[in-house]
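# Structural characterization, general
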Amino acid sequence: MSATLSTFLGLFFKAGFVALIFNEVRGVILAVPVLYAMYQSGGSAMAIWLGICSLGGIALSVIVPIFAAKKLKKVAETRGLIPAAA
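The sections below set out a description of the structure shown in this document. The structure presented is a predicted model; accordingly, all values stated were derived computationally and were not measured.

End to end, helix α1 (residues 3–40) covers 56 Å across 38 residues, agreeing with the expected 56 Å (1.5 Å per residue, within 8%). Among the residues of α1, those classed as buried are L9, L20, N23, G27, A31 and V34. For α1, the elements touching its buried residues are α2 (45–78). Positive phi shows up at G42, right after α1, with a value of about 85°.

Looking now at the packing of α1 against α2. A pair of packed helices can be characterised by two numbers: the angle between their axes and the separation between those axes. Orientation of α1 relative to α2, taken along the N-to-C sense of each, is 175°, at an axis distance of 9 Å. Comparing the axis directions of α1 and α2 gives the class roughly antiparallel.

Calculation notes
- Residues numbered from 1 in each chain as written.
- Predicted model: local features only at pLDDT ≥ 70, side-chain atom pairs only at ≥ 80, totals over all residues.
- Heavy atoms only, no water.
- Helix = DSSP H or I, 4+ residues; strand = E, 2+ residues; numbered from the N terminus.
- Expected span 1.5 Å × (residues − 1).
- Buried < 20%, exposed > 50% of the residue type's maximum accessible area, 1.4 Å probe, protein only.
- Contact = heavy atoms within 4.5 Å.
- Axes fitted to C-alpha atoms, helices over the stretch in contact; angles between N-to-C directions.
- Parallel < 35°, antiparallel > 145°, perpendicular 65-115°, else oblique.

What follows is the structure in structure tokens.
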């Protein structure tokens, strides 16, 4: 494999890691209004249920890309597209 392709893929995965960090921050920012609304409503059963559903959706939007990136990296390493981790 050429050095240029290896360098490009390395930079691509580093950029992906930075994007995952920003995705985590986005998840926290999205969760704050949900938690505040549950607090303001006094903790009724409906507010708690809606909060759980909202936070579950936020968690999935944050966690699923992390697992997808790990799987993609593993596939790329097995196919020889990037060097294996030391």
